[in-house]
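# Examining the three-dimensional arrangement
The chain contents come next:
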Amino acid sequence: MAPTSGPGAGAARVSGLEEPMTPGAGRMADLNDYAIDPVRGFVPGDDPVNALPPYYRPWERTARDISALIMTGRLRDAIASLPVLTPAKLSSPGERERAMLLLTCLANAYVWGSETPAHTLPAPVARPLDDLARQLDRPPIIAHASIVLNNWRRIDRTEPLSTSNIDTQVTFLGGVDEKWFYLATLGVELAGAPGLPLLVRARDAVAGDDPDRLTEALAGVRKVLGRTVEALLDIERWCDPHVFYHRIRPFLTGWHEPGLIFEGVDRGPVVLAGGSAAQSSLIQSFDAGLGVRHDDEMTAAFLTGMRAYMPAPHRRFLTDLETGLSVRDYVSNRRADRPRLAEAYNGAVDALARLRAQHIGITGRYIQRFERDGTAKGTGGSDYSGFLRRAREETVGHLLP
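Scope of this entry: the structure provided in the associated data block. (Residues numbered from 1 in each chain as written. Predicted model: local features only at pLDDT ≥ 70, side-chain atom pairs only at ≥ 80, totals over all residues. Heavy atoms only, no water.)

### What about the overall build of the protein?
This is how the line gets drawn: Secondary structure elements follow DSSP: runs of H or I no shorter than four residues count as helices, runs of E no shorter than two count as strands, and numbering proceeds from the N terminus. Only C-alpha atoms enter the radius of gyration; for comparison, a globular chain is expected to reach 2.2 Å times N to the power 0.38, where N is the number of residues. Exposure categories follow from relative accessible area, calculated using a 1.4 Å probe and restricted to protein chains: below 20% of the type maximum is buried, above 50% is exposed, and the middle band is partly exposed. Only the protein chains shown count as covering a residue, and every accessible area follows the Shrake-Rupley method with a 1.4 Å probe. When charges are counted, Lys and Arg contribute as positive and Asp and Glu as negative, whereas His and the chain ends are disregarded. A charged residue contributes its charge at one atom only: NZ of Lys, CZ of Arg, CG of Asp or CD of Glu.
Helices and strands together make up the secondary structure of the protein, namely 16 helices and five strands. Relative to a compact globule of 401 residues, whose C-alpha radius of gyration would be 21 Å, the protein shows 21 Å and is just as compact. Summarising its shape, the C-alpha atoms of the protein cover approximately 70 × 50 × 45 Å along the three principal directions. When burial is assessed residue by residue, the protein has 57% of its 401 residues classed as buried. In the structure as shown, the protein presents an accessible area of about 16400 Å², 49% of it carried by carbon and sulfur atoms. Separation between the mean location of the 46 positive side-chain charges and that of the 49 negative ones in the protein comes to 2 Å.

### Some points on the nonpolar core
Test applied: The criterion is simple. A nonpolar core is a set of buried Ala, Val, Leu, Ile, Met, Phe, Trp, Tyr and Cys residues joined through side-chain atoms within 4.5 Å. Only heavy atoms matter for contacts: two residues are in contact if any of them lie within 4.5 Å across the pair.
One finds Leu214 and Phe317 to be the most contacted residues of the largest nonpolar core, which totals 123 residues. Ranked by residue count, the leading element in this core is helix H15 (residues 339-366), at 12 residues. In this view, Phe317 contacts Met28, Leu31, Tyr34, Ile36, Phe42, Leu196, Val200 and Ser285; residues no more than four positions away in its chain are not counted.

### Some thoughts on the pattern of salt bridges
Rule in force here: Should a side-chain nitrogen of Lys or Arg be within 4 Å of a carboxyl oxygen of Asp or Glu, the pair is scored as a salt bridge.
For the coordinates displayed, the defined rule picks out 22 salt bridges. Between Arg138 and Glu97 there is a salt bridge; the shortest N-O distance is 2.9 Å. Here Arg138 is found in the loop between helix H5 (123-136) and helix H6 (144-147), whereas its partner Glu97 is found in helix H4 (residues 93-112), with 41 residues between them in sequence. On the basis of relative accessibility, which here comes to 7%, the residue Arg138 falls in the buried class. A salt bridge links Arg153 to Asp167, with the shortest nitrogen-to-oxygen separation between them at 3.5 Å. Taken as a pair, Arg153 in strand E2 (residues 153-154) and Asp167 in strand E3 (residues 166-167) lie far apart in primary sequence, 14 residues in all. Judged by its relative accessible area of 18%, Asp167 falls in the buried class.

### A short note on the packing of H4 against H5
Rules: Angles shown run from 0 to 180 degrees and are taken between the N-to-C directions of axes, each axis being a line fitted to C-alpha atoms and, for helices, limited to the stretch in contact. An angle below 35 degrees is read as roughly parallel, one above 145 as roughly antiparallel, one from 65 to 115 as roughly perpendicular, and any other as oblique. Put simply, a crossing is left-handed when the front helix is turned counterclockwise from the back one by less than a right angle, and right-handed when it is turned clockwise. In this classification, the charged set is Asp, Glu, Lys and Arg, the nonpolar set is Ala, Val, Leu, Ile, Met, Phe, Trp, Tyr, Cys and Pro, and all remaining amino acids, among them Gly, are polar.
Where H4 contacts H5, the axes come no closer than 10 Å and their chain directions differ by 135°. With respect to H5, the axis of H4 lies oblique. For the element pair H4 and H5, the recorded crossing hand is left-handed. Of H5, the residues touching H4 (which contributes Arg96, Glu97, Ala99, Met100, Leu103, Thr104, Leu106 and Ala107) are Val125, Pro128, Leu129, Leu132, Ala133, Gln135 and Leu136. Split into classes, the residues belonging to the contact of H4 with H5 amount to 11 nonpolar, two polar and two charged.

### Focus: the pairing of strand E4 (residues 255-262)
Worth spelling out the cut-off: Between any two strands, pairing holds if DSSP finds at least two bridges.
Where strand E1 (residues 120-121) meets E4, two bridges bridge the pair, whose relative direction is parallel. Counterpart to Leu121 in the pairing with E4 is Phe262. Here E4 pairs with strand E5 (residues 270-272) via two bridges, running antiparallel. Residue pairing across strands places Trp255 opposite Leu272, the latter belonging to E5.

### Examining unusual backbone geometry
With an omega dihedral of 5°, the bond running from Glu257 to Pro258 counts as a cis peptide bond. Topologically, Pro258 is positioned in strand E4. The residue Asp137 is not glycine, and still its phi comes out positive at about 60°. Secondary-structure assignment places Asp137 in the loop between H5 and H6. At Asp209, a position not held by glycine, the phi torsion is positive, near 50°. Here Asp209 is to be found in the loop between helix H8 (195-207) and helix H9 (211-233).

### Description of the packing of H9 against helix H11 (residues 281-290)
Relative orientation of the contacting elements H9 and H11 amounts to 155°, with a least axis distance of 13 Å. Comparing the axis directions of H9 and H11 gives the class roughly antiparallel. Between H9 and H11 lies a crossing whose hand is left-handed. Contacts between H9 and H11 involve Leu218, Val221, Val224, Leu225 and Thr228 on the former and, on the latter, Leu282, Phe286 and Leu290. Split into classes, the residues belonging to the contact of H9 with H11 amount to seven nonpolar, one polar and no charged.

### Re the packing of aromatic side chains
Under the convention used in this document: In this scheme Phe, Tyr and Trp rings, the latter by its six-membered ring, pair at centre separations within 6.5 Å, and the angle between planes marks the pair as stacked below 30 degrees, edge-to-face above 60, and tilted otherwise. Note on geometry: a ring has a charge over it if NZ (lysine) or CZ (arginine) is within 6 Å of the ring centre and within 35 degrees of the ring normal.
Enumeration according to the criterion identifies 11 aromatic pairs in this entry. Between Tyr34 and Phe317, the aromatic rings sit 5.2 Å apart at their centres with planes inclined by 70°, giving edge-to-face as the arrangement. Here Tyr34, found in the segment before helix H1 (57-64), pairs with Phe317, found in helix H13 (residues 312-322); they are 283 residues apart in sequence, far enough to count as distant. By relative accessible area, Tyr34 is classed as buried at 2%. Relative to Tyr56, the ring of Tyr55 lies with its centre 4.7 Å away and its plane at 85°, an arrangement referred to as edge-to-face. A residue is classified by how much of its surface remains accessible, and Tyr56, at 0% relative accessible area, is buried. Each member of the aromatic cluster is reached from another via a ring pair, and the members are Phe181, Tyr182, Phe244 and Tyr366. The ring centre of Tyr55 lies 5.2 Å from the NZ or CZ of Lys89, which sits over that ring.

### Overview of the side chain of Glu394
The condition that has to hold: A 3.5 Å cut-off defines polar contacts: any pair of N or O atoms within that distance qualifies, except that in protein one atom must be a possible hydrogen donor and the other a possible acceptor, and neighbouring residues in sequence count only when both atoms are side-chain atoms.
Here Glu394 shows up in helix H16 (residues 384-396). Although Glu394 lies buried, it forms no salt bridge, and the closest oppositely charged side chain, Arg390, sits 4.4 Å away as judged by the N-O distance. One polar contact links the side chain of Glu394 to the main-chain amide nitrogen of Asp295, over a distance of 3.1 Å. At 2.9 Å, the side chain of Glu394 forms a polar contact with the side chain of Thr299. Excluding residues that lie within four positions of it along the chain, Glu394 makes contacts with Val292, Arg293, His294, Asp295, Asp296 and Thr299.

Any functional reading would require information that these geometric values do not contain.
So, in structure tokens, the structure goes:
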């Protein structure tokens, strides 16, 4: 979610990052082992489930009416009066993702759907959401994995997935601006998807000491990043900045101190970051694959913390990609006798820096221009502008001489 990027408060601990799963000889596992589709990338290979079994009809009905309930001031009463259902009856990963989408949208709508934010989430949403989030090993709040990756349906199932053939499943207030914000962000994921097998190919080329194959892969990465920039800018086609800032962004905000109490759940108040582009595995994959490290105190902890909001297999992919053999080190060692290789590497890194530059521009147009108190805060509550600029500087700093 591009304009919502920014360091967030209370990033959850990332489990599984300490034990890389890289196969022997420095080569990556198959993309399927990381729940990555060879065509769609981090977008699910199977279309999301668009309705849960009848037992979960109360969730479906309330989520369907969410905009009307917010508009009429009835949402909190409607959620509080729901039955407490168990997620144990969900029978597939697709159903669990659908339930996570519904429950996190209901939770964020409950907290931010009135003039005064709520500090306690009622048990009918709090208890199943907490259980489901533990099963999925993700924080119990709206995040990129739900509102973007699993919040779409194809209009015509006989045609391929594209931004000209999809609609959203759930929105908060509805309207073309909110729909397009999520769908165009999905378009960024789809545009960048062909880069993932290229990043794996680059790592394998290093393992096999094949500079020609590496040069070809890096040239492909540069082209993919160019198309990703175009997809990022396409967000502005149907999403008006004023509508985004005042009507969409509030519902993507995180839960800050003193935290949100989950009624009926045995734990203290929960503090979590809101929706952020940093929760997408895509850009972090290009960082990891190209050996672009973010070590500044402003960027390192935040980017690592945002991985907790990603699906677990995607986190493993990032870890495996950045562990062991370094594409940048290999190119650096060969640049004297392989100038085309160094040129291809710098082309890819420069394209990544340009993507970050355009991201800075979009956040300025969608957020910073509306900030009246002299500060620009991301939905996580921290200085996103400084973070984005520092991340771009670090990217440029990895260009080889």
